[in-house]
There are 2 protein chains.
Amino acid sequence: MTKKDKSEKSERILDVAEELFALHGFDGVTIRQISNRAKVDVALANYHFGKKLDLFHAVFDRRAELLSSSRRELLQASSGKKQTLEQIIEAFLLPLKMAQQTGDPGWKNYLALLANVMISPLWSKAMMGKVYDIRVEEFITALKGAFPKAKEEDIHWCYHYVSGALALTLAQTGRIDKLSGGKCLSSDFDAAYERMIPFIAAGFREVCG
Amino acid sequence: MTKKDKSEKSERILDVAEELFALHGFDGVTIRQISNRAKVDVALANYHFGKKLDLFHAVFDRRAELLSSSRRELLQASSGKKQTLEQIIEAFLLPLKMAQQTGDPGWKNYLALLANVMISPLWSKAMMGKVYDIRVEEFITALKGAFPKAKEEDIHWCYHYVSGALALTLAQTGRIDKLSGGKCLSSDFDAAYERMIPFIAAGFREVCG
DNA sequence: CACTATATTCAACAAGTGTTGAATATGCAA
DNA sequence: TTGCATATTCAACACTTGTTGAATATAGTG
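Rules and cut-offs
Residues numbered from 1 in each chain as written. Chains lettered and ligands numbered in written order. Predicted model: local features only at pLDDT ≥ 70, side-chain atom pairs only at ≥ 80, totals over all residues. Heavy atoms only, no water. UniProt positions renumbered as here; feature names shortened; annotations may be inferred. Helix = DSSP H or I, 4+ residues; strand = E, 2+ residues; numbered from the N terminus. Core = buried A, V, L, I, M, F, W, Y, C linked by side-chain atoms within 4.5 Å. Buried < 20%, exposed > 50% of the residue type's maximum accessible area, 1.4 Å probe, protein only. Contact = heavy atoms within 4.5 Å. Expected span 1.5 Å × (residues − 1). Bend = angle between axes of the 7 residues up to and from the residue. Least-squares fit on C-alpha atoms with pLDDT ≥ 70 in both. Buried area = accessible area lost by both parts, 1.4 Å probe. Salt bridge = Lys/Arg side-chain N within 4 Å of Asp/Glu carboxyl O. Polar contact = N/O pair within 3.5 Å; in protein donor to acceptor, adjacent residues only side chain to side chain. Nonpolar A, V, L, I, M, F, W, Y, C, P; charged D, E, K, R; others polar. Axes fitted to C-alpha atoms, helices over the stretch in contact; angles between N-to-C directions. Parallel < 35°, antiparallel > 145°, perpendicular 65-115°, else oblique.

To continue, consider the UniProt feature "domain: HTH tetR-type" (unreviewed entry) in chain A. Mapped onto this numbering, the UniProt entry gives "domain: HTH tetR-type" (unreviewed entry) at residues 7-67 of chain A. For residues 7-67 of chain A, the end-to-end C-alpha separation is 24 Å, with 79% helix and 0% strand making up the annotated structure.

Below is the structure:
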């Protein structure tokens, strides 16, 4: 707004790259596929974003800060008195549900990309540290407050399970659709989150309580 | 043994391909990288396994049947009388823990590859249906037996969370190592499974009980 | 208008891609 | 040994990859 209005084409590149990276991963997508679908010359991606890897980072970072700060606000909002376990979990999950509920397909793609990064050893090390790890540390600190007597390892492992369940949800593989014979839908984030919170809460209380 | 002894080199190709596919995914690996590390000519992979995609299938299928049948046996072993929830969950998880505990790095790589496939919409659809889905259906049937009054959707969503937690564990991203400051290790499957069973069981009882 | 910085396209490069057919090596039966 | 099937290598193909430098268009400013 004030400084620079990103050109229309450069944002189209980001959108298309987001979608294709989410679906096929970094190596499964060529710059020509991106520029073709964005109706743009091959060289333009390079002009705006540099190397292919830089473009990937640009895509990943674009929405990372929004998600991360939304998590921080929710976590701090309830941090006055002692937080309930459910409040803590919701602060972690709700921003993702809200992002999904915007209906913006860009968010859907980004969340799938995030899931992809989370589960890859290489990409996880390269990308998650920048913005997301700080939030996770706050999240874990809050959990320690809710379970003062729990062992740290127990809390970390439980968070690990949460992270996995979340990743598979964000990935929207469509597998649950098939396995349930259509009774459940990958795209139904409401259904996924509704049950995830009590599921996780009970697990935490069992292992850490 | 009886029919054909696969050549030493062809198995080396499979081993190397398994490792590289697990780490970088299908598109992140070239046949030349595989053949170089296997100290074999580029054309040999094609001679033994056909196209690159066929090689990927060969890698994925090689250990799939073992894992799947191991699950079936464990699930049937306890199916005489009414199975406890913990028994059902263990039948699903134990084969993976045992595979990991062989110490064979090939198994470690395969499980990471499996995690990768599980979380990718495209690969999941293409690969999981062949061997794994049948086992999941039996698993869910057993769960229905343990929770006769539960709604089907609840059971499917809870299984979905299990599947996600499992996938992230198999992936061994090393993220928990970093976040816990070394208190937890991705490679420590014992620690992961030990807590996973009570965590999951409590979640199921809360949502489906 | 002219000037300038930014945006976009064009054309091409060197390197790498999967795949293939012919040539050679290897092991095994008669 | 001779044959023969399998295994492996060699050399090359047509094509795609990311990236770049020069050329051209576009928009904003004086």
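Before going further, it helps to examine the nonpolar core. The biggest cluster of nonpolar side chains holds 156 residues, and the ones touching the most others in it are Phe21 and Phe204 of chain A together with Phe21 and Phe204 of chain B. If sequence neighbours within four positions are ignored, Phe21 of chain B has contacts with Phe26, Val29, Ile34, Lys52, Leu55, Phe56, Val59 and Leu113 of chain B.

Here the focus is helix H4 (residues 52-77) of chain A. Residue and element names in this part refer to chain A. Spanning 26 residues, H4 covers 39 Å between terminal C-alpha atoms, matching the ideal 38 Å at 1.5 Å per step. Of all the bends in H4, the greatest, near 30°, is centred on Ala64. For H4, the full list of buried residues reads Leu55, Phe56, Val59, Phe60, Arg63, Ala64, Leu67, Ser68, Ser69, Ser70, Arg71 and Leu75.

For the match of chain A to chain B, the screw axis carries a shift of 0.0 Å, the RMSD comes to 0.0 Å, and the turn is 180°. Each copy turns onto its partner about a two-fold axis. When the interface residues of chain A are mapped onto chain B, 100% of them again lie at the interface, so the same face is used by both copies.

Here we come to the interface of chain A and chain B. Listed per partner, the contact involves 58 residues of chain A and 58 residues of chain B. Where chain A abuts chain B, roughly 5400 Å² becomes buried across the two surfaces, and 68% of that area is made up of carbon and sulfur atoms. Here Glu152 of chain A ties to Lys183 of chain B by a salt bridge, and the two come within 3.9 Å at their closest N and O atoms. Between chain A and chain B we count 14 residue pairs in polar contact (both at pLDDT 80 or more) in total. Within the residue set of the side of chain A that touches chain B, elements represented by two or more residues are helix H1 (8-24), helix H6 (105-119), helix H7 (121-146), helix H8 (152-171), helix H9 (175-179) and helix H10 (189-208) of chain A. Take the side of chain A that touches chain B: its biggest share by element is 17 residues, from H8 of chain A. Taken together, the residues of the side of chain A that touches chain B sort by class into 31 nonpolar, 15 polar and twelve charged.

On to the packing of H1 of chain A against helix H3 (residues 42-49) of chain A. Residue and element names in this part refer to chain A. Between H1 and H3, the least distance of the axes is 10 Å, while the angle of their chain directions is 100°. Viewed along their axes, H1 and H3 adopt a mutual orientation that is roughly perpendicular. Every residue of H3 that contacts H1 at Lys9, Ser10, Ile13 and Leu14 is listed here: Leu44, Ala45, His48 and Phe49. Here the residues of the contact of H1 with H3 sort into five nonpolar, two polar and one charged.

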